[in-house]
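An overview of the molecular structure
So you can see what is in the structure, the chains are spelled out below.
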Amino acid sequence: QVHIVESGGGLVQPGGSLRLSCVVSGSIFSIEFMGWYRQAPGKQRELVAGIPSGGSTYYGGSVNGRFTISRDNNKNTVYLQMNSLKPEDTAVYYCNGAITQYYGSPTITSWGQGTQVTVSS
């Protein structure tokens, strides 16, 4: 079984910064991909940033240049540094992982419960 837990959300003023963390635990052989998604009220869940096992990164257009995703493979952890936050960044942020639990087993996708980010003055 795999568990994904996000942390670091909260209330921040426009222009401020937050750093989200996501820890993957449980039966893990390898993590092929980790990503951050967000969902605002009344909107569909959207990709914020992704980082495959090879380390290259990609971002949704609305956050490019303001957010930075990184991962620590030794800790099975992915981070999302969010700078220059805007009210439209307000959403629940979810961590997603594509995980191989055992050698030769199929890759599974797992989600965390989400962490709320609110950008408001």
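It should be noted that the structure appears before, not after, this text.
About the criteria used
- Residues numbered from 1 in each chain as written.
- Predicted model: local features only at pLDDT ≥ 70, side-chain atom pairs only at ≥ 80, totals over all residues.
- Heavy atoms only, no water.
- Helix = DSSP H or I, 4+ residues; strand = E, 2+ residues; numbered from the N terminus.
- Rg over C-alpha atoms; globule rule 2.2 N^0.38 Å.
- Buried < 20%, exposed > 50% of the residue type's maximum accessible area, 1.4 Å probe, protein only.
- Contact = heavy atoms within 4.5 Å.
- Areas by Shrake-Rupley, 256 points an atom, 1.4 Å probe, with all protein chains shown as cover.
- Lys, Arg positive; Asp, Glu negative; His and termini not counted.
- Charge placed at Lys NZ, Arg CZ, Asp CG, Glu CD.
- Disulfide = S-S within 2.5 Å.
- Pairing = 2+ DSSP bridges.
- Axes fitted to C-alpha atoms, helices over the stretch in contact; angles between N-to-C directions.
- Polar contact = N/O pair within 3.5 Å; in protein donor to acceptor, adjacent residues only side chain to side chain.

Take the overall build of the protein next. Assigned secondary structure in the protein consists of 0 helices and 11 strands. The C-alpha radius of gyration computed for the protein amounts to 14 Å, which stays within 12% of the reference 14 Å derived for 121 residues, consistent with globular compactness. Oriented by its inertia axes, the alpha-carbon framework of the protein measures out at about 50 × 25 × 25 Å. The 121 residues of the protein split such that 41% are buried. Residue pairs at least 24 apart in sequence account for 56% of intrachain contacts in the protein once pairs closer than 6 positions are excluded. Just so you have it, the protein exposes about 6300 Å², and 47% of that area is on carbon and sulfur atoms. Taking the 8 positively charged and 6 negatively charged side chains of the protein as two groups, their mean positions are separated by 3 Å.

Evaluated as defined, the whole model comprises 1 disulfide. The partner cysteine of Cys 22 in its disulfide is Cys 95, sulfur to sulfur 2.0 Å. Since a negative S-S torsion denotes a left-handed disulfide, the Cys 22-Cys 95 link at about -80° is left-handed. With a gap of 73 residues between them, Cys 22 in strand 3 (residues 18–26) and Cys 95 in strand 9 (residues 91–100) connect regions that are remote in the sequence. For the residue pair Cys 22 and Cys 95, the accessibility class agrees, reading buried in each case.

Among the structural elements, Asp 89 can be located in the loop between strand 8 (77–82) and strand 9. Leaving out residues up to four positions away in the same chain, Asp 89 has contacts with Arg 38, Val 63, Arg 66, Phe 67, Ser 84, Val 117 and Val 119.

With antiparallel pairing, the 4 strands of this open sheet are ordered in space as 1-3-8-7. Among the strands making up the open sheet, the edge pair consists of strand 1 (2–7) and strand 7 (67–72). Strand after strand, the sheet turns through a mean of 15° between neighbouring axes, direction not considered. Bridge analysis of strand 3 against strand 8 gives 6 bridges, and the strand direction is antiparallel. Paired with Val 23 across the bridge in strand 8 is Thr 77.

Once that is clear, we can look at the environment of Gln 81. Looking at the element boundaries, Gln 81 is found in strand 8. Classification of Gln 81 as partly exposed rests on a relative accessible area of 27%. Distance in space between the C-alpha atoms of Gln 81 and Thr 68 is 5.1 Å, their sequence separation being 13 residues. Leaving out residues up to four positions away in the same chain, Gln 81 has contacts with Ser 17, Leu 18, Arg 19, Arg 66, Phe 67 and Thr 68. Among the polar contacts listed, one links the side chain of Gln 81 to the side chain of Asn 83, at a separation of 2.9 Å.

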